[in-house]
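# Structural overview for review
Here is how the chains run, residue by residue.
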Amino acid sequence: MPRPTIKGLYPCLLFLLFVHLVACKREYTTNTDYSIDGNLRKWHPVTLTFTGPEASETDSINPFLDYNLVADFKNAGEVLTVYGYFAADGDAADTGSEKGNKWQLKFSPNNIGTWNFDAYLYRGNNVAVAALDSLRQSDRLWHVTGQFEIEGVDSTDTGFYRTGQLAYSQLNFLEEQETGRAFLKNGVGSPENFLAYHEFDGTFDNGGAATPSLTGGLHQYSPHLEDWKPGDPVWAGDKGRAMIGALNYLSAMGMNSLYFLTMNVNGDGNDVWPWIVPEEQTRYDVSKLEQWERVFGHMDKLGIAMNVITQETENDTLLNQGELGLERKLYYRELAARFGHHLGIVWNLGEETNRSSEQLKEYAPYIRSMDPYRHPIAAHNHIRITGQSVEGRSPDPIRETFSPLLGFKDFEVVSLQMFDTTEVHDEVIKWRTLSGEHRKPWVVNLDEIGHWEIGVTTDTAANNNHRMLMRTALWGTYMAGGGGTSWYFGGADMANNDLAAEDFRAREKWWQVSNSARQFFTDHVPFSDMENHDELLSNRQAYCLAKVGEIYVVYLPKYQTTELEIGDGNYIIAFFDPYGGGKLLDMKNQGWEITKANSVFLSAYDGQNHKDWVILIKKK
């Protein structure tokens, strides 16, 4: 028998190599090892966990950048494309793990019935930030299909699980998708570094502004340990109780939104980032982000919306010098993949943004391409100081920020900062009007007020400013048709400021005042169908919100009177104390009188002209 030659073996070797490559590829293409977690009800998160390639946060093949997990979820003709993420051992919030072979997708179903999914995992250089239509089949490690059934909202559901996702619906208010009701924001705007919490993994003070009242420069929220309840989330044993307790307290006070930064490297706090360390901006801290997820999930349950501030004025060039480059794309992708399923999100492009309108118009569509739920997108302006100019800055930074965005398809929410709160009312009316003229009505929110040192004072502060802010900022926003408010704590009070605040009870009276305003509108008037009509008043210091001929709300400052033009018909009149709250008060035939046809004269309830009054006038 002749000896085999290399030439004769070559085809055999090629065939064996081909079989080996196919077998290696098939290891993942046939992989169906996955689990489905969740209670499988509408709006509740469904977590798909897949077994895939072994990886770690610091591998040379970057699990955040060089893999791309994506799935199409299909129901009744609707297709939602959801991005996934590296999940280490699948339980990193509790274990602190940095490595593993678990890959996850979180999905929030907006319909009941059967959902089918097709999930794909790709591997390749920078494949996580590549456009979907550029992904090659040769980069695909596996394709998994499956299905699950989703039931309707349960009577025991709470928060956004009961009311549904907050969505932009071409109106001046966000809308609860399950109830169809307009959402009126009553928000907490501080501390902006809420996530600088000592029991989150990989979190430390990186040299930000001095906060001597904080242990180690991080929040502990110890006064709110008593507000944690059995059954509330924790992680790594019993961590997180004080932070969860703080959210419970705020929810009990009627606060329904929280303003916080997800990245403040080189900023005021310099203590919040999603990465393993601040300098490694393509390496994400899986356990920390899973711990954030526990907190955000509790916010959904409480009905507290997430005003997610993605950067601040001091660091908005940290990623790609402000351009939409690789690190910035990955940052937006990770935020959307890990947290986009939450129901009350507003993506905020930056606090006091310095970025050009062209850059903002690049950021917003990219975020939207990562977010199948089309959460509203906002931006926050630099402060405009009346009578002052700041070198190198526009004399009207509000106009500079928002005018170029009028009518833009991927922008819905104004996050307004005002120095002079007496200008709030007119500014909200201005942007509501302008956005309507451009055929895309904006939700105009007041998110920061006053000189940076002051904000909303504590209840016991000698310079207590609650009554002034109640009139100009709180009711000034609502009576202009604004979408809501958030309350900034200022920077002067070292123990209760925008970076150091630990005890939200320090402003309990203000929460009561703020919540009573929100409840007045949600309980007594169809606020989303009403418009500002100050022109119906004879006194320019008063405000009027009305559905003309049907219902009128008048805010009357102390020691003031006004005439109100009103339509024909029989009306009932009641009074409300905006500072004291409580029930509507009968008129007692005092505080109003008919002076002439189609006009009423309004004054303080029962002669109590030393305080402000809200007057409700409804057609019988």
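Details of the structure are given in the entry above.
Scope of this entry: the structure provided in the associated data block. Keep in mind it's a predicted model, so treat the numbers as computed, not measured. (Residues numbered from 1 in each chain as written. Predicted model: local features only at pLDDT ≥ 70, side-chain atom pairs only at ≥ 80, totals over all residues. Heavy atoms only, no water.)

## Let's talk about the overall build of the protein chain
- Regarding its fold elements, the protein chain presents 11 helices and 28 strands.
- The C-alpha atoms of the protein chain give a radius of gyration of 27 Å, which matches the 25 Å a tight globule of 620 residues would have.
- Across its three principal directions, the C-alpha atoms of the protein chain cover 125 × 55 × 50 Å.
- Out of the 620 residues in the protein chain, the part that is buried amounts to 58%.
- Sequence-distant contacts, at least 24 apart, represent 72% of the contacts inside the protein chain between residues at least 6 apart.
- Of the roughly 24,700 Å² of accessible surface on the protein chain, a fraction of 49% belongs to carbon and sulfur atoms.
- Averaged over its 55 positive side-chain charges, the protein chain has a centre that lies 5 Å from the centre of its 83 negative ones. (Helix = DSSP H or I, 4+ residues; strand = E, 2+ residues; numbered from the N terminus. Rg over C-alpha atoms; globule rule 2.2 N^0.38 Å. Buried < 20%, exposed > 50% of the residue type's maximum accessible area, 1.4 Å probe, protein only. Contact = heavy atoms within 4.5 Å. Areas by Shrake-Rupley, 256 points an atom, 1.4 Å probe, with all protein chains shown as cover. Lys, Arg positive; Asp, Glu negative; His and termini not counted. Charge placed at Lys NZ, Arg CZ, Asp CG, Glu CD.)

## Digging into the sheet that holds strand E19 (residues 484–487)
- Reading around the circumference, E12-E13-E14-E15-E16-E17-E18-E19 is the order of the 8 strands in this closed barrel, with parallel pairing throughout. The sheet shows a mean angle of 25° between the axes of neighbouring strands, direction not considered.
- Pairing between strand E13 (residues 257–261) and strand E14 (residues 305–309): 5 bridges, direction parallel. Within the sheet, the bridge partner assigned to Leu 261 lies in E14 and is Ile 309. (Pairing = 2+ DSSP bridges. Axes fitted to C-alpha atoms, helices over the stretch in contact; angles between N-to-C directions.)

## So, the sheet that holds strand E4 (residues 78–83)
- Read from one edge to the other, the open sheet built from 4 strands follows the order E4-E3-E7-E8, with strand pairing classed as antiparallel. Taken across any chain shown, the strands that pair with only one partner, and hence form the sheet edges, are E4 and strand E8 (140–150). Strand-to-strand twist in this sheet, taken as the mean axis angle between neighbours without regard to direction, amounts to 20°.
- Alignment of strand E3 (residues 67–75) against strand E7 (residues 113–123), held across 8 bridges, turns out to be antiparallel. Its bridge partner being in E7, Leu 69 is matched across the sheet by Leu 121.

## Digging into the pattern of salt bridges
- One pass over the full model with this rule turns up 24 salt bridges.
- Taking the shortest distance from any N to any O, the salt bridge between Arg 41 and Asp 157 comes out at 2.4 Å. With Arg 41 in the loop between strand E1 (34–37) and strand E2 (46–56) and Asp 157 in the loop between E8 and helix H3 (160–163), this residue pair connects regions lying 116 residues apart in the sequence.
- Among the ionic pairs, Asp 410 bridges to Arg 368, the shortest N-O distance being 3.3 Å. Taken together, the residues Asp 410 in the loop between helix H8 (397–402) and strand E17 (413–418) and Arg 368 in helix H7 (residues 357–370) connect sequence positions 42 residues apart.
- Overlapping salt bridges, with partners in common, bring together Arg 368, Lys 409, Asp 410, Glu 412 and Lys 440 in one network. (Salt bridge = Lys/Arg side-chain N within 4 Å of Asp/Glu carboxyl O.)

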